[in-house]
Every structure is written in structure tokens, then in C-alpha cells.
Amino acid sequence: MAETASQKLRILYDRNLLLGDKLFRRLGRARAIDGRNIRREDLANCDLLFVRSTCRIDGALLEGTPVRFVGSGVAGTDHLDFEALSRLGITVATAPGCNAESVADYVVAALLTFAERQQISWEKRTLGIVGVGHVGTIVKRFAEEALGMQTLCCDPPRKDAGDWQARDFVSYEELLRQADVITFHTPLTYEGPYKTCGLFSGPVVRQVKPGALLLNFARGPICDNALLTAMLTTGQLSEAAIDCWEGEPDYQPGLAMLASLTTPHIAGHAFEGKANGTWAVYKAACEFLERPVGRLPVYPDAPVSSLRLNCEEFSDQAILREAVKATCDIEADSARFRAAYSDTSAGRREAFDFQRKNYPLRRLFNATTLILSHPSASLVRKLEVLGFNVVVPPSEA
């Protein structure tokens, strides 16, 4: 029997693309591979290639291969050489914003953890958001409407483009001077007027508000990790949460020991964050091949699908903390990272990748139903802003 067009189509995909085994096999003969170690010889019999950010996609890898479509199932694009892909006539698809809500959930988890450790309330304190795109926009809403924070936003490309929503954005220097917490959500760029590699480095960081906190859930090279280490050592920064590292999968041990929360680039790894990326590039491939898309595979239940909370005698922030920790336990993620520490670079790289590949199931907040006893209207609103499904039995309103 002659092979169908689908059977003839040869597909290679990063085995860490969630749902890849279910989706890409709809298109042809699909084979999984370690995405960080894809080589030219692997592409000798490959028509469609699906990757994550761990694989550098450029002319040196693709020239002379039969690859005609590349799908990158992550939000970032700094691993893609678009000029080379265009020159080679290869169609490329990406997944902008696919994990934005997952990262925003992680920011909230970090902020509530810091608040408990420092015994503070975030009400009226200032969050500085550097980069206000897919992620930063959600972070802004969560911080203002759920945590009661004031926000300062910095996004020069948007402001310079005349974006009316960016009219009140501030300069980077002003943000550093005023923010109690600084969080980065920019793409990684190496040149041009909006270069972000090394954004947190050099003399400008002297303007950081003493005792500020810093979060890097964007890309490692945005921050000078040696400088972060020095600033945490001197107390210029009081705490830091680091998910993205210079040189990952290796990382700077000194910074890992000093930062309060340390994780292996998993902020965006809620099930939806990863699945959305795979689904986006799968749909793009279907369009490229002029094939029907079919149905999205069924998602698994959340580890905590429902949670009952008694809200009497507790502050809104305390209830938020309990709900978020039950569904997005950044402290447990950090503890696993620390427990896997190795004195050798090879050991750190191996442990980093192992934890990314074997990350426990996490769902977005909207996969969990909260059953509340005696909540205030403001608390219900805050939890709903984060995405939780809230139920208040009539007898417990």
C-alpha cells in the first residue's frame, strides 16, 4: 500500500514540547529528540522541526537540510536567526504570549512569599515592571487589583512608538529609584537602541532604591549575575528571585546561595504555558500544510482542583498566600533546585535540565475552585482577578 502524504512527512520535535507526541504524530512520522542536543545530522531526514529555546536555530544548523518549516513553541525568539531562516526559504512559527499567565502566576507566588518572610503588606507599595508586553501587562493587573500595589511601568519601545497606553510609562532610571520591587519581562536583544542584554548592569544600577527586591523571570543575560551577587551581599538588594540565569543550564553558585528563591527557568512551565506553545506551532504547521487542525487534547486535572478556605480572622493577603501556595508552590520548586546543587559545572547543568524535564504538574490558578467561608467582597474580587474560580456557599457568605 502506498504511503499517504502524512506518512511520508518527516518530523523531529523536542521531547520537552508538551503534547508533542499527541499533536505532531497527526502530521506525519514524528520522532522526539533532546532539543538541547539537536545536530545537523539529525536533520538529514526532517521536513518539519519543532523546538524550544534550548536549541539555536540558524544557517549553520539548517543549511543543506530538507527542513522547510520550523516551529518554536515558546514565547522568546532570541534563539532564532530569522534572517537565515528567511534566506533559506524556511517558514517559521513562534508562540508569543503562550506562557504569559504562567509567568504572572509565578510573580504573584514570589511576591506573596517575600511578603510573608518580611512580614509586610504589599498594599500601596510600588512594583516596577520593566517590559510591559504579554507578561508585564498581566503582572500589572495582578499587582494592582489583587495585591493592592502601585505600579511603575517602563517600556521604551512602546512609549517611543507613541502607544497611548504607554503615555504614563516612566524612564528606567526613575523606576529603579522608586520601585520597592523590580521585575523584568523584556525579550532578550543584543543590539540596537532597545538592547536588553546587560540591562541591569553598570552605573545605572546605583540608582536602585536601597533594600529593593528583584525578580528575573525573563532571560538570564538581562541581569549581570555577578553584580546581583554583590548587591545581595551588601544589602543594596534585600532579596531576589531568580528563574533565569546567565550561562544556563549552568549558573553562578554564589548567586544561587544568596537569592531567596532560585528555580531552573520554569516560571512559564504551568501545563497551559507549555501546552499553549505546542498548540500554537502545531496550528501554524497545519496552516502551512493546509491540513485540518482537529481537537485540542484534554488537559489533566489540577493537583489541587478544589480548596476550602475559612476566611474569618485572616487578612486578604494571608488568604491569597494560602490559595497561591497550594496551587503554585515556588518555595517547593526552589527547595528542589537547591537540593540538586552540584560543585561541578557538569553536575549543575545536568540537574538544571533534569528538573525542567521532570517538573511536577502545575496548572494555572483558573484550574482550581476555591470554596470560601465568610469572605469579604474585596477578597472574592482579588481571587477572581488572579483567575481562581470562587464559590461561596449561601450558608457561609
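Heads up: these notes are all about the structure in this document.

**Re the packing of helix H5 (residues 100–118) against helix H6 (residues 134–145)**
- Running from N to C, H5 and H6 point in directions that differ by 40°, and their axes come no closer than 8 Å. When the axis of H5 is compared with that of H6, the two are oblique. Viewed along their axes, H5 and H6 form a crossing whose handedness is right-handed. Together, Ala100, Glu101, Val103, Ala104, Asp105, Val107 and Val108 of H5 and His134, Val135, Ile138, Val139 and Phe142 of H6 make up the contact between the two elements.
- Residues that form the contact of H5 with H6 fall into these classes: nine nonpolar, one polar and two charged.

**Quick look at the sheet that holds strand E9 (residues 212–216)**
- Here six strands make up an open sheet; going across it, the order is E7-E6-E8-E9-E10-E11 and the pairing parallel. The sheet is open, and its two edges are formed by strand E7 (150–154) and strand E11 (261–262), each paired on a single side.
- Pairing analysis gives five bridges linking E9 to strand E10 (residues 237–242), with the strands arranged parallel. Looking at the pairing, Leu215 lines up with Ala241 of E10.
- Packed on one face of the sheet, H5 meets strand E8 (181–184), E9, E10 and E11 and runs near 145° to E10.
- Packed on one face of the sheet, helix H9 (residues 225–234) meets E9 and E10 and runs near 140° to E10.

**Comments concerning the pattern of salt bridges**
- Going through the model one piece at a time under the given rule, you end up with 19 salt bridges.
- Arg321 is paired through a salt bridge with Glu331; the nearest N and O atoms lie 2.6 Å apart. Taken together, the residues span a long stretch of sequence, with Arg321 in helix H12 (residues 316–327) and Glu331 in helix H13 (residues 330–339) at a distance of 10 residues.
- A residue is classified by how much of its surface remains accessible, and Arg321, at 9% relative accessible area, is buried.
- One network of salt bridges, with partners in common, ties together Glu116, Arg117, Arg321, Lys325 and Glu331.

**As for the packing of H5 against H13**
- The N-to-C vectors of H5 and H13 enclose an angle of 90°; their axes lie 9 Å apart at closest approach. The angle between H5 and H13 places the two elements in the roughly perpendicular class. In contact with Tyr106, Ala109, Ala110, Thr113 and Arg117 of H5, H13 contributes Ile330, Glu331 and Asp333.
- Residue composition of the contact of H5 with H13, by class: four nonpolar, one polar and three charged.

**Description of the pairing of strand E1 (residues 10–14)**
- Of all five residues that make up E1, four are buried, and the element is covered over most of its length.
- Bridge analysis of E1 against strand E2 (residues 29–33) gives five bridges, and the strand direction is parallel. Residue pairing across strands places Tyr13 opposite Ala32, the latter belonging to E2.

**Regarding the sheet that holds strand E12 (residues 306–310)**
- Strand order across the open sheet formed by three strands is E12-E13-E14, with parallel pairing between neighbours. In the strand order of this sheet, the two ends are held by E12 and strand E14 (389–391), each with one partner. Direction aside, neighbouring strands of the sheet carry axes that sit 25° apart on average.
- Relative to strand E13 (residues 369–373), E12 runs parallel, the two being bridged by five bridges. Paired with Arg308 across the bridge in E13 is Ile371.
- Strands in contact with H12 are E12 and E13; relative to E12, the strand with the most contacts, it is inclined by about 160°.

**Looking at H6**
- The end-to-end C-alpha distance of H6, which contains 12 residues, comes to 17 Å, matching closely the 16 Å that a straight helix rising 1.5 Å per residue would cover.
- The set of residues buried in H6 consists of Val135, Gly136, Ile138, Val139, Phe142 and Ala143. Burial along H6 is one-sided: seen end-on, the buried residues are contained in an arc of 160°.
- The inward-facing, buried residues of H6 abut H5, strand E6 (126–130), E7, E8 and helix H15 (377–386).

What counts, and where the lines are drawn
Note that residues are indexed from 1 along each chain, following the sequence as it is written. Note on the predicted model: pLDDT of at least 70 is required for a residue's local features to be given, and 80 or more for side-chain atom pairs to be given and counted; whole-chain, interface and lining totals, by contrast, use all residues. Side-chain calculation: all heavy atoms of the structure are included, whereas hydrogens and water are not. Here an angle of 0 to 180 degrees is reported between the N-to-C directions of two axes, which are lines fitted to C-alpha atoms, with helices fitted over the stretch in contact. In this description a helix means any DSSP run of H or I spanning at least four residues, a strand means any run of E spanning at least two, and both kinds are numbered starting from the N terminus. Any angle that is under 35 degrees is reported as roughly parallel, and any over 145 degrees as roughly antiparallel; angles of 65 to 115 degrees are reported as roughly perpendicular and all others as oblique. Handedness of each helix crossing follows the sense of rotation of the near helix against the far helix: counterclockwise by less than a right angle gives left-handed, clockwise gives right-handed. In this description, contact between two residues means that some pair of their heavy atoms is separated by no more than 4.5 Å. When residue character is reported, Ala, Val, Leu, Ile, Met, Phe, Trp, Tyr, Cys and Pro are called nonpolar, Asp, Glu, Lys and Arg charged, and the others, Gly included, polar. For two strands to count as paired, DSSP must find a minimum of two bridges between them. Take a side-chain nitrogen of Lys or Arg and a carboxyl oxygen of Asp or Glu: if they are within 4 Å of each other, that pair is a salt bridge. With a 1.4 Å probe rolled over the protein chains alone, any residue whose accessible area is under 20% of its type maximum counts as buried; one over 50% counts as exposed, and the rest are partly exposed. Multiplying one less than the number of residues by 1.5 Å gives the expected span of a helix. By definition, the arc is the one covered by directions from the helix axis to the C-beta atoms.

Such coordinate-based values are descriptive only and should not be taken to indicate function.
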